[in-house]
Number of protein chains: 4
Amino acid sequence: MTRFECDYTQGAHPRILQRLLETNMEQTSGYGTDEHCERARGLIRQACEADRADVHFLVGGTQTNTTVIAALLRPHQGVLSADTGHIAGHETGAIESTGHKVLTLPHQNGKITAEQVREAYEAHLNDGAKEHLVQPGMVYISQSTENGTIYNLAELQDLSAVCRQYGLPLFVDGARLGYALAAEGSDVTLADLARLTDVFYIGGTKLGALMGEAVVIMNEALKRDFRYLIKQRGGLLAKGRLLGIQFETLFEDGLYFEISRHAVSLAMKLRSGLQELGCGFLHNSPTNQQFPILPNALLEELRTKHTFTTWEKVDEKHTAVRFCTSWGTTEEEVDELLADLQGVKQKEQMPADALC
Amino acid sequence: MTRFECDYTQGAHPRILQRLLETNMEQTSGYGTDEHCERARGLIRQACEADRADVHFLVGGTQTNTTVIAALLRPHQGVLSADTGHIAGHETGAIESTGHKVLTLPHQNGKITAEQVREAYEAHLNDGAKEHLVQPGMVYISQSTENGTIYNLAELQDLSAVCRQYGLPLFVDGARLGYALAAEGSDVTLADLARLTDVFYIGGTKLGALMGEAVVIMNEALKRDFRYLIKQRGGLLAKGRLLGIQFETLFEDGLYFEISRHAVSLAMKLRSGLQELGCGFLHNSPTNQQFPILPNALLEELRTKHTFTTWEKVDEKHTAVRFCTSWGTTEEEVDELLADLQGVKQKEQMPADALC
Amino acid sequence: MTRFECDYTQGAHPRILQRLLETNMEQTSGYGTDEHCERARGLIRQACEADRADVHFLVGGTQTNTTVIAALLRPHQGVLSADTGHIAGHETGAIESTGHKVLTLPHQNGKITAEQVREAYEAHLNDGAKEHLVQPGMVYISQSTENGTIYNLAELQDLSAVCRQYGLPLFVDGARLGYALAAEGSDVTLADLARLTDVFYIGGTKLGALMGEAVVIMNEALKRDFRYLIKQRGGLLAKGRLLGIQFETLFEDGLYFEISRHAVSLAMKLRSGLQELGCGFLHNSPTNQQFPILPNALLEELRTKHTFTTWEKVDEKHTAVRFCTSWGTTEEEVDELLADLQGVKQKEQMPADALC
Amino acid sequence: MTRFECDYTQGAHPRILQRLLETNMEQTSGYGTDEHCERARGLIRQACEADRADVHFLVGGTQTNTTVIAALLRPHQGVLSADTGHIAGHETGAIESTGHKVLTLPHQNGKITAEQVREAYEAHLNDGAKEHLVQPGMVYISQSTENGTIYNLAELQDLSAVCRQYGLPLFVDGARLGYALAAEGSDVTLADLARLTDVFYIGGTKLGALMGEAVVIMNEALKRDFRYLIKQRGGLLAKGRLLGIQFETLFEDGLYFEISRHAVSLAMKLRSGLQELGCGFLHNSPTNQQFPILPNALLEELRTKHTFTTWEKVDEKHTAVRFCTSWGTTEEEVDELLADLQGVKQKEQMPADALC
């Protein structure tokens, strides 16, 4: 059984685990005040070309989204997000639990546009009863998105410009940021994110760490007292070094980018193979998540050898599913998956030129 | 420099790290649904002699306290706690951030009594304006306490009885539970806790794990939907196996208790040594935290070789400090600490029979 | 200038003000414990044929919705509501401010169906990742709705049945309940509401009171400690008698129903008049709110003599607006409004058979 | 039976009710946008000599405290208050329900000092683990206090200075502000409050209105979007005119001050009479609340003719109680109360020179 259902099916990249072993007996202070965290912060600032960034390490994505958003909003404000945004649908109301509404905009390929933000904000400003409405107070996007798609530089620049015009902080959820940076056709760098956003995070959990997300804060107002907020939300890990050591390893010699390229490259191989089998896709993703549409007839047999996520019913006979690659995925596993699909296709006597 | 300031200055117990290495390449499902978590839950149920307990793994203590307490209370209720309780003073208002007041009772050696709970609850019931007050909705205690002290079985039984009489769930914060179980004179077992409380947790972070706390739920109402609550509070670790593997290792052959005994035994050695040096103590602790009162004159020099926590000013010339032992503390480190104290004492020409 | 923009443009029905005058110098206890509140509670129980109902008086609608909903839900739960529901759009995120998401369903004439509730709940139950989603915890509807429409008895019975099947409390926002009871074709009584719901409220503010809403609780679990919750949300009026006296007056000899019939009857007259002028309607409302579609060309002139609410742009040349009638609306005002419309229509040389 | 248990036992001052009658049929816009509210805001600005103040009308005290405090604090901050403060003890955890801790300081006669605020804030700043603590984010005081005492001008100036030094907004709960302004020996004016605080409110409920509190905001940051916050907390009364008309009446020709003087003058008469009877007092109050210590022996008989509040047990034989005067209290009622006390004293054969 090989697992493709998500990008966190295994432990940590071996170099990370090795480093945890090497440093295990060191005695350090707690709560992220140790030297490993300090060095990791420096490496991340460097990678972002952002000397003045504040960098903090939190444990997980939901916690990070909640902490950042609750820190930025006043009580009557909400956060603009694509309706497919992770905070809108898959965090058990964590944002609402801090008192704030998620104001959804209809997504386009998992993304929202500067124009949508402008329209939403102007509509609010011009509503005669606006004090009876939740005020948009910030913008949340994901890079890559829930659909595996990415914002290009021009799109990010437009979003940034409209956010700055209206005084709306822009926050990028980077749970899968590495895969977006390594995506086919990506023209966005960490330095661009630092320059164009108020705050973003560099995901570790889905990129080879045991767990951990590195929040990069550019907005001065948000920097103030941020450690209090991390503590209050339960994110100030006692053995904070555990996060520092992992991000140190990921950023000291490019491992973060290496892992990203590895997973994206295998995802592209998988995509090509699926296309050759005549397969269509729910989303056109240049990153490590692939969303092929498969005939229901072959899903059951495929499940006996591989795990994947059922995404959405497409029609009576077809279902879109998700396959993810990660640091631990091997070329053999992808080949085997494709071979198995080919086998089932033949067995079911499907047309040579089409899986669907 | 040896570090005694807390019980989380090092990584994980080597057997835990070893197990993480061995299992690293296994592919498992996420969010605590894997086989390691399942096995760990079984081992903990067994250790607690509680077949019907629900066991969940969360990342840290503040998160665990917040998740449990917010799950148990209705909006108008608060949680009774010693005024020294961790939730009352050292979690940046995490409980209040979920909408609930911490109702403090004056501690006695870090503890509260069944009688105090009874009085507080009766006082509430008999207050003519009680609807203008926060209603006590549950009781929170720590084992061991912030002062290093422990509840004995009779005290726990009394608390449990009064809680059940009034319908107040009893929750035990076990961040340092192992040290309490291994304490000199302890007559409380995990099975007692399971029998006498509604919910408690077995701390991993301070007992040799990289991080992690195992919540044991006995109360049926609290069991319902608890995983939603963990997710909402950011505690549902994607690579949940990381917690399962650690608790599996801690509980499969008694490592949890071994670590606890090791640390308590060294703490007792430290306590004896300090007593022989003529030292007094702020709290009389039978566990891994020791709170000696030291002359300010020697603190500065001691700090050049050892770290510890300044606890409280006792008088103009004396300060109470905290030393903690843990799985990683060695007998040599304790000997060295005592020798250094002896050295400073001589250098400062203190009386032979008194450090203070 | 006559005001039709809402149903709270004037003070209180004269009989209510008269009663406040008569009782002004009486000395009573506070917070709703006085005899007027007690009598009003009895009258409402009687009107609802619900001896065991708990009745509480709160000041306003947003406060009432927030207090009831926050009292019913556990932290991970949300409230199902039509996307047009007042709590979804016009309370500045009050529900979210208590930690809960409003789970919207697409409305049909301002209403939701039992089938929609069933589908939403079943979809939740069957979602493999349901613990990552907000759990539906109750159902909120309005009678009459934001669109002026009403649920008939069969619709309410179906909703009640599906709610009971799934253990979802059913809450009816009755800010305009009187108008629904008095609506053309209504077959629902207060006793039906008491029988079919867990909790509902009888609006006073929009039905002739200075302010005030009477919450009727049937659900035993919600009854417990409800006064604490009212106090916490700022709804326990010190001079609670003010609410008691008003509801006493409204319910001792049918004034509540008299006011409702008066306003609905004038709304029906307005509707007929508009129809005769060839006017179409955005919603087909049998209650005191009417939503005609008018040519933009005549809105400006109409505004010089009457106030009303701009509701929604229909096309480039037409806008839907809202007119409300209330206890204070007179037949002369309705006649004058219709005459003015007729005048503008002639002036603008519109076809004899159509306003639009 | 005459009622002295609080200052809200009757309806409204007759001139207020008269004005409500006169304006009842006027048609106005809602939510505080009408002309009466506008005029009342102007009159209050004038009375406060504060042209740039923002003035808002809310319904009750708990709601006002909650709205202001939640608007001023970031999530990790709490509010400094006397331990006797209304928000600390008598609002069912309303402040905590918005996520914030009330940080209590030991009161002195119901008050806190600038020095206490300084010490608390410095202690926080200098705590090595301060990020684990709730950060003091503002200061809350009451004028008059829960004990009936008042801050004099020098005390207020000192508090204001220390608050400004540390950037802590100063908020004055003025539920009984009129009585403080009219107190014996008061040297504080509304203009002083406007000059020295960031925000305060002028209570109506306890000063002759049916209900209503006027919030005066001087702090620019707090002014922004405050109406959204009022709406979210359920305080934006639909018939807002009801509040405007009442404050218009209270402030157009000094009725607010007249009522205050009347009640304080009768309270002073009551105090003198009690002193002549040999009575001691729990608090030395120069305002409308009096806290005499009475022998338990006579309380029961007194209760057959007068209501009052049991405040606190003083010793086995004595109890402190509270009597309040208000706009509706008459000199005859005070005389009668004193006569009844004199009668019981004789009947119980108490010494001529002592009630206690």
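What you see is a predicted model, and the numbers here were worked out from it, not measured in a lab.

**Considerations on the sheet that holds strand S6 (residues 170-173) of chain A**
All names here are of chain A.
Next up, step 1: Strands sit in the order S2-S8-S7-S6-S5-S3-S4 across an open sheet of seven strands; the sheet is mixed. Looking at strand neighbours, the two that pair on one side only are strand S2 (54-58) and strand S4 (102-105), the edges of this open sheet. With direction set aside, neighbouring strand axes in the sheet form an average angle of 25°.
Next up, step 2: Sheet analysis places S6 next to strand S7 (residues 199-203), joined by two bridges and oriented parallel. Each residue of the ladder has a partner; that of Val172, found in S7, is Phe200.
Next up, step 3: On the sheet, helix H3 (residues 61-72) packs against S2, strand S3 (77-82), strand S5 (135-142), S6, S7 and strand S8 (213-217) and is oriented at approximately 170° with respect to S7.
Next up, step 4: Strands in contact with helix H6 (residues 114-125) are S3, S4 and S5; relative to S5, the strand with the most contacts, it is inclined by about 165°.

**Some thoughts on the interface of chain B and chain A**
Next up, step 1: Facing 46 residues of chain B, the contacting portion of chain A comprises 46 residues.
Next up, step 2: When chain B packs against chain A, close to 4,100 Å² is buried across both sides, 54% of that on carbon and sulfur atoms.
Next up, step 3: Among the residues chain B hides against chain A, the three largest losses belong to Tyr8(B), Gln27(B) and Lys239(B). Together they make up 18% of the total.
Next up, step 4: Taken together, chain B and chain A are joined by 26 residue pairs in polar contact (both at pLDDT 80 or more).
Next up, step 5: For the side of chain B that touches chain A, the elements supplying multiple residues, two or more each, are strand S1 (2-3), helix H1 (14-23), helix H3 (61-72), helix H5 (94-97), helix H11 (226-232) and helix H12 (241-252) of chain B.
Next up, step 6: Take the side of chain B that touches chain A: its biggest share by element is four residues, from H1(B).
Next up, step 7: Among the residues forming the side of chain B that touches chain A, the class breakdown is 19 nonpolar, 18 polar and nine charged.

**Some words on helix H12 (residues 241-252) of chain D**
All names here are of chain D.
Next up, step 1: Helix length check: H12 (12 residues) gives 16 Å between terminal C-alpha atoms against 16 Å at 1.5 Å per residue, within 8%.
Next up, step 2: Of all 12 residues that make up H12, 11 are buried, and the element is covered over most of its length.
Next up, step 3: For H12, the complete set of buried residues consists of Arg241, Leu242, Leu243, Gly244, Ile245, Gln246, Phe247, Glu248, Thr249, Leu250 and Phe251.
Next up, step 4: The positive-phi residue at the C-terminal boundary of H12 is Gly254, with phi of around 85°.

**A few points about the packing of helix H14 (residues 296-303) of chain A against helix H15 (residues 331-347) of chain A**
Residue and element names in this part refer to chain A.
Next up, step 1: In contact at an axis separation of 10 Å, H14 and H15 are set at 130° when each is read in the N-to-C sense. Compared by their axis directions, H14 and H15 come out oblique. Note that H14 runs across H15; the crossing there is right-handed. Here Leu298, Glu301 and Leu302 of H14 come into contact with H15, specifically with Leu337, Asp340, Leu341, Val344 and Lys347.
Next up, step 2: The class makeup of the residues in the contact of H14 with H15 is five nonpolar, no polar and three charged.

**Focus: the domain arrangement of chain A**
Residue and element names in this part refer to chain A.
Next up, step 1: Assigned domains within chain A: domain 1 (14-254) and domain 2 (256-347).
Next up, step 2: When each unit is reduced to the centre of its C-alpha atoms, the spacing between domain 1 and domain 2 is 28 Å.
Next up, step 3: Domain 1 puts 26 residues into the contact, and the matching count from domain 2 is 23 residues.
Next up, step 4: Buried surface at the junction of domain 1 and domain 2, both sides included, amounts to about 1,900 Å², of which 61% is carbon and sulfur.
Next up, step 5: Counting every contact that joins domain 1 to domain 2 gives two salt bridges.
Next up, step 6: The closest approach of N and O atoms between Arg271 and Glu184, which form a salt bridge, is 2.9 Å.
Next up, step 7: On the surface where domain 1 and domain 2 come into contact, there are 12 residue pairs in polar contact (both at pLDDT 80 or more).
Next up, step 8: Looking at the side of domain 1 that touches domain 2, the elements with two or more residues in it are helix H1 (14-23), helix H8 (177-181), S7 and helix H12 (241-252).

So, how was this worked out
Residues numbered from 1 in each chain as written. Chains lettered and ligands numbered in written order. Predicted model: local features only at pLDDT ≥ 70, side-chain atom pairs only at ≥ 80, totals over all residues. Heavy atoms only, no water. Pairing = 2+ DSSP bridges. Helix = DSSP H or I, 4+ residues; strand = E, 2+ residues; numbered from the N terminus. Axes fitted to C-alpha atoms, helices over the stretch in contact; angles between N-to-C directions. Contact = heavy atoms within 4.5 Å. Buried area = accessible area lost by both parts, 1.4 Å probe. Polar contact = N/O pair within 3.5 Å; in protein donor to acceptor, adjacent residues only side chain to side chain. Nonpolar A, V, L, I, M, F, W, Y, C, P; charged D, E, K, R; others polar. Expected span 1.5 Å × (residues − 1). Buried < 20%, exposed > 50% of the residue type's maximum accessible area, 1.4 Å probe, protein only. Parallel < 35°, antiparallel > 145°, perpendicular 65-115°, else oblique. Left-handed = near helix turned anticlockwise from the far one by under 90°. Domains from an automatic or database assignment. Salt bridge = Lys/Arg side-chain N within 4 Å of Asp/Glu carboxyl O.

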